[in-house]
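What the coordinates show
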Amino acid sequence: QVHLVESGGGLVQAGGSLRLSCAFSGGTFESYAMGWFRQAPGKEREFVAAISWSGGGLYYADSVKGRFTISRDNAKNTVFLQMNSLKPEDTAVYYCAADWRHAGGRRSTSDYDYWGQGTQVTVSS
């Protein structure tokens, strides 16, 4: 059974940076495209970024393009989300998700097979 554990969230001032990590276990990491989603209070979970199994395909929501960078280290079974120039509207619980045997880049929550428990990111103004 695949297990995902996010870390790296916290409280940061607007304009600051955070790096989220998601540790993958219980399966073959290279068989999964990976994604990051977020959910703010009272809102639906939304797509943030995705990466193909090889790391060659990168996909971003318009709201984070140019500020966030997704990457993966297949040797360490870990996916990352580097978040720069953070804004108060980036405040949310951030989730990583695994998409089995797909090339990557899917943006719907229903496309992903496994989810982590989430990590809180709070950006103060």
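One can find the structure itself at the top, above this paragraph.
Everything numeric here is computed off the predicted structure, so don't read it as measured data. (Residues numbered from 1 in each chain as written. Predicted model: local features only at pLDDT ≥ 70, side-chain atom pairs only at ≥ 80, totals over all residues. Heavy atoms only, no water.)

A word on the packing of aromatic side chains
Each pair of aromatic rings is reported with the distance of its centres and the angle of its planes. Scanning the model with the defined rule gives 7 aromatic pairs in all. Judged by centre distance (5.3 Å) and plane angle (55 degrees), the rings of Phe 24 and Tyr 32 are tilted. An aromatic cluster is present here, built from Phe 24, Phe 29, Tyr 32 and Tyr 114 joined pairwise through their rings. The positively charged end of Arg 19 is found above the aromatic ring belonging to Phe 80, 3.9 Å away from the centroid. A cation over an aromatic ring shows up here: Arg 72 above the ring of Phe 29, its NZ or CZ 4.2 Å from the ring centre. (Phe/Tyr/Trp six-rings, centres within 6.5 Å; stacked < 30°, edge-to-face > 60°. Lys NZ or Arg CZ within 6 Å of the ring centre and 35° of its normal.)

Brief notes about the side chain of Ser 52
For Ser 52, the location among the structural elements is in the loop between strand 5 (46-51) and strand 6 (58-60). Judged by its relative accessible area of 5%, Ser 52 is buried. Every residue in contact with Ser 52, bar those within four places of it in the chain, is listed here: Ala 33, Gly 57, Tyr 59, Arg 72, Ala 103 and Gly 104. (Helix = DSSP H or I, 4+ residues; strand = E, 2+ residues; numbered from the N terminus. Buried < 20%, exposed > 50% of the residue type's maximum accessible area, 1.4 Å probe, protein only. Contact = heavy atoms within 4.5 Å.)

Overview of the nonpolar core
Counting residues in each nonpolar core, the largest one holds 35 residues, and the members touching the most others are Met 34, Trp 36, Leu 81, Met 83 and Tyr 94. Within the residue set of this core, elements represented by two or more residues are strand 3 (18-25), strand 4 (32-39), strand 5, strand 7 (68-73), strand 8 (78-83), strand 9 (92-100) and strand 11 (119-124). (Core = buried A, V, L, I, M, F, W, Y, C linked by side-chain atoms within 4.5 Å.)

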